[in-house]
Amino acid sequence: MTENSNTSGLSLHTRMLIGFIVGAGAGIAANVFVGQAGWLDGLIHYVTDPVGQLFLRLLFMLVMPLVFSALVLGVVEIGDAKSLGRIGGKTLLWILVVTAIAVTIGLVCVNVLEPGRGLPQEVGQELLAAASDRATEVASKREGVSGLQILLNIVPRNPVAAAANGDLIAVMFFALMFGIAATVIQSEGTRSFVSTVQGVYDICLKLIGWVIELAPYAVAALLFSITAKLGFDVLVQLARYVGTVVLALAIHFFVVFPLLLRTFGRMSPLAFFRGAEPALLTAFSTSSSSATLPTTLKVTEESLGVPRRVVRFVCTLGATANMNGTALFEGITVLFLAQFFGVELTLVQQVMVLVLCILGSVGAAGVPGGSLPVIAMILVMFKIPPEGIGLILGVDRFLDMCRTVVNVGGDMAGSVVIGRSEAAAEAREAARQAG
Ligand code: ASP
């Protein structure tokens, strides 16, 4: 019996897929046939919500120790400054280039399909009025994410407080610095520290192995809760906008990733999607790259066969810094709202939107709705009312699920490509030394 199969003999992939179909199918049926029934609220409130939340909490519980240990070990295993610089450079290049491609696809789709011009003003005003409280709340959060402050916040004043507040980027910075220093001082003390960190990482991985056994049930529960409550009417009202986002995400996911995987990763896209499936399904049902990180690390190493040191470095950084789906979504949403409010953006302004979306996706937190305050910030810059975000809040959960899949897929595809290029670099190095 492999690690991925249980006593029923079905692999984790298959069990998760069954959970997905059962949860979504039952939720949609409940929504359509018994949407108003009181017992449905009870079922969601007392059964499916708690099961889903339990799973999410178990995953989040592992995120901080994993991020710290994975990054320290990633840097230590890479070993020398030259290799670290090389892998760091490739990661940065991947993030910038692939995110730019994603936003470009989004901007082209939104300019061609113009979903914001098709939406009747009365429908828009109704949606805005219905979501005005939450929209004001989201719009006010943008104050904490102003440009220079994002950069300064990368460096934590107090790493323990950063960890306690769930500030992943600051914890990553701290872990990277720790790893670099541990590589430089090769003392007995640092060696025993590193082996302790290795112990922490191994324990976390074991725990993920147990938690993930719950995934099929949790995926079913999460999807039931979401689909049973989903406003299908709003999805229909905003069909052109939703369609534009989903189309652009699909192009990035099913065309750009496969091309990059084939050309630079030398991996068949089918093998990639099959191996990545548990992480992609977790991303879809949790809408959180951070909550998916434990699964992403496990699957990328074990099922996609990417070297550990590359996985630890690229996937961990990628979980908050590499968000292709989020960047693409930000671009479409800003332009959609500009179209709706009749704000004309010139080509130069659209290029500015592109740059801001790339930076904004790095700054967005890997949690459900993490990109909304960033969008509010960009809207203000272009004199579009930030409360306009209320227009899309009703469909955001569904789009969040889809864009998180693309975010996580981008981290895994990046690991495959960078892992392959590292293997080639090592082979060249070995040949040079032998020759
Ligand atoms: N939910 C997304 C993620 O965790 C972030 C966002 O776009 O809201 O990757």
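Residues numbered from 1 in each chain as written. Predicted model: local features only at pLDDT ≥ 70, side-chain atom pairs only at ≥ 80, totals over all residues. Heavy atoms only, no water.

- Looking at an unreviewed UniProt entry, the protein chain carries the name Cation:dicarboxylase symporter family transporter, with the source organism given as Marilutibacter maris.
- UniProt, in the comment section headed Subcellular location (unreviewed entry), describes the protein chain in these words: "Cell membrane". (UniProt positions renumbered as here; feature names shortened; annotations may be inferred.)

## Description of the overall build of the protein chain
Reasoning step 1: Summing up its helical and strand segments, the protein chain has 20 helices and zero strands in all.
Reasoning step 2: Against the globule reference of 22 Å for 435 residues, the protein chain gives a C-alpha radius of gyration of 22 Å, in line with a compact fold.
Reasoning step 3: The principal-axis extents of the C-alpha atoms in the protein chain amount to approximately 70 × 55 × 45 Å.
Reasoning step 4: Excluding contacts between residues fewer than 6 apart, the proportion of contacts in the protein chain whose partners are at least 24 apart in sequence is 86%. (Helix = DSSP H or I, 4+ residues; strand = E, 2+ residues; numbered from the N terminus. Rg over C-alpha atoms; globule rule 2.2 N^0.38 Å. Contact = heavy atoms within 4.5 Å.)

## A word on the packing of aromatic side chains
Reasoning step 1: All told, the structure shown has 12 aromatic pairs when counted by the stated rule.
Reasoning step 2: Ring centres of F174 and F178 lie 4.9 Å apart, and the angle between their planes is 50°; this geometry places the pair in the tilted category. Residue F174 and its partner F178 are located together in helix α9 (residues 168–184), separated by four residues, close to a single helical turn.
Reasoning step 3: With a relative accessible area of 28%, F174 lands in the partly exposed category.
Reasoning step 4: The exposure class of F178 is partly exposed, given its relative accessible area of 33%.
Reasoning step 5: For the pair F340 and F341, a centre-to-centre distance of 5.1 Å together with 80° between the ring planes defines the contact as edge-to-face. (Phe/Tyr/Trp six-rings, centres within 6.5 Å; stacked < 30°, edge-to-face > 60°. Buried < 20%, exposed > 50% of the residue type's maximum accessible area, 1.4 Å probe, protein only.)

## Comments concerning helix α6 (residues 132–141)
Reasoning step 1: Every buried residue of α6 is accounted for by A135, V138 and A139. Down the axis, α6 shows its buried residues gathered within 100° of arc, on one side only.
Reasoning step 2: Its buried side turned inward, α6 meets α19 (372–381) and α20 (390–434). (Arc of directions from axis to C-beta.)

## Observations concerning the UniProt feature "transmembrane region" (unreviewed entry) in the protein chain
Reasoning step 1: Those places that UniProt annotates as "transmembrane region" (unreviewed entry) correspond, in this numbering, to residues 12–34, 54–79, 91–113, 168–186, 207–226, 238–261, 327–347 and 353–382.
Reasoning step 2: Helix and strand shares over residues 327–347 are 71% and 0% respectively, and the end C-alpha atoms of the span are 18 Å apart.

## As for the state of the cysteines
Reasoning step 1: Taken as a whole and assessed by the stated rule, the structure comprises zero disulfides.
Reasoning step 2: The cysteine C315 is free of any disulfide, with C204 supplying the nearest cysteine sulfur at 16 Å.
Reasoning step 3: The thiol of C357 is not disulfide-bonded; the next cysteine sulfur, from C109, is found 14 Å away.
Reasoning step 4: Judged by relative accessible area, which is 0%, C357 ranks as buried. (Disulfide = S-S within 2.5 Å.)

## Some remarks on the site of the ligand
Reasoning step 1: Close to the ligand lie 16 residues; S289, T326, D400, R403 and N407 are nearest.
Reasoning step 2: Within the backbone of G366, one N or O atom sits 3.2 Å away from an oxygen atom of the ligand.
Reasoning step 3: When the ligand is considered free in solution it has 270 Å² of accessible area, and contact with the protein chains removes 100% of it.
Reasoning step 4: Taking a 2 Å distance to the grid points as the criterion, the majority of the atoms of the ligand fall inside the largest cavity.
Reasoning step 5: In terms of residue count, α20 provides more of the shell around the ligand than any other element does, four residues in total.
Reasoning step 6: Looking at the shell around the ligand residue by residue, the class counts come to four nonpolar, 10 polar and two charged. (Near = heavy atom within 4 Å. Polar contact = N/O pair within 3.5 Å; in protein donor to acceptor, adjacent residues only side chain to side chain. Areas by Shrake-Rupley, 256 points an atom, 1.4 Å probe, with all protein chains shown as cover. 1 Å grid on protein atoms, 1.4 Å probe; cavity = no way out; pocket = protein on both sides within 12 Å on 5 of 7 lines; lining within 4 Å. Sits in = over half its atoms within 2 Å of the grid points. Nonpolar A, V, L, I, M, F, W, Y, C, P; charged D, E, K, R; others polar.)

## Some points on the pattern of salt bridges
Reasoning step 1: Within this structure, the stated rule accounts for 14 salt bridges.
Reasoning step 2: Residue D49 pairs with K229 through a salt bridge whose shortest N-O separation is 3.8 Å. On the criterion of sequence distance, the pair formed by D49 in helix α2 (residues 38–78) and K229 in helix α11 (residues 215–229) is long-range, its members being 180 residues apart.
Reasoning step 3: D49 sits in the partly exposed class, given a relative accessible area of 26%.
Reasoning step 4: Among the ionic contacts, a cluster of salt bridges with common partners joins R86, K90 and E422. (Salt bridge = Lys/Arg side-chain N within 4 Å of Asp/Glu carboxyl O.)

## With respect to the confidence of the model for the protein chain
Reasoning step 1: Mean pLDDT for the protein chain: 90, with 97% of residues reaching 70 or above.
Reasoning step 2: The secondary-structure element of the protein chain with the lowest mean pLDDT is helix α7 (residues 147–153), recorded at 78, while helix α13 (residues 239–265) shows the highest, at 97. (pLDDT = per-residue confidence, 0-100.)

## Regarding empty space enclosed by the protein
Reasoning step 1: One pass over the structure, following the stated rule, counts three cavities of 30 Å³ or more.
Reasoning step 2: By volume, the largest cavity amounts to about 70 Å³.
Reasoning step 3: For the largest cavity, the lining is made up of 15 residues, of which T326, A365, V367, D400 and N407 are closest to its centre.
Reasoning step 4: Tallied by class, the residues present in the lining of the largest cavity amount to four nonpolar, nine polar and two charged. (Points joined across faces, edges and corners; volume = space filled by probe spheres on them.)

## Some thoughts on the packing of helix α3 (residues 81–113) against α13
Reasoning step 1: Two numbers describe how α3 lies on α13: the axes approach to 9 Å, and their chain directions differ by 140°. When you trace α3 past α13, the crossing you get is right-handed. Contact residues: α3 offers W94, V98, I101, A102, I105, G106, C109, V110 and L113, while α13 offers R240, T244, L247, A248, I251, H252, V256, F257 and L260.
Reasoning step 2: Residues that form the contact of α3 with α13 fall into these classes: 14 nonpolar, three polar and one charged. (Axes fitted to C-alpha atoms, helices over the stretch in contact; angles between N-to-C directions. Left-handed = near helix turned anticlockwise from the far one by under 90°.)

## Overview of the environment of L96
Reasoning step 1: Within the fold, L96 resides in helix α3.
Reasoning step 2: Measuring from C-alpha to C-alpha, the distance between L96 and N324 comes to 9.5 Å, with 228 residues separating the pair along the chain.

## Some thoughts on α9
Reasoning step 1: Look at α9: 24 Å from first C-alpha to last across 17 residues, which is about the 24 Å you get at 1.5 Å a residue.
Reasoning step 2: The complete set of buried residues in α9 reads L168, A170, V171, M172, A175, G179, A182 and T183. (Expected span 1.5 Å × (residues − 1).)

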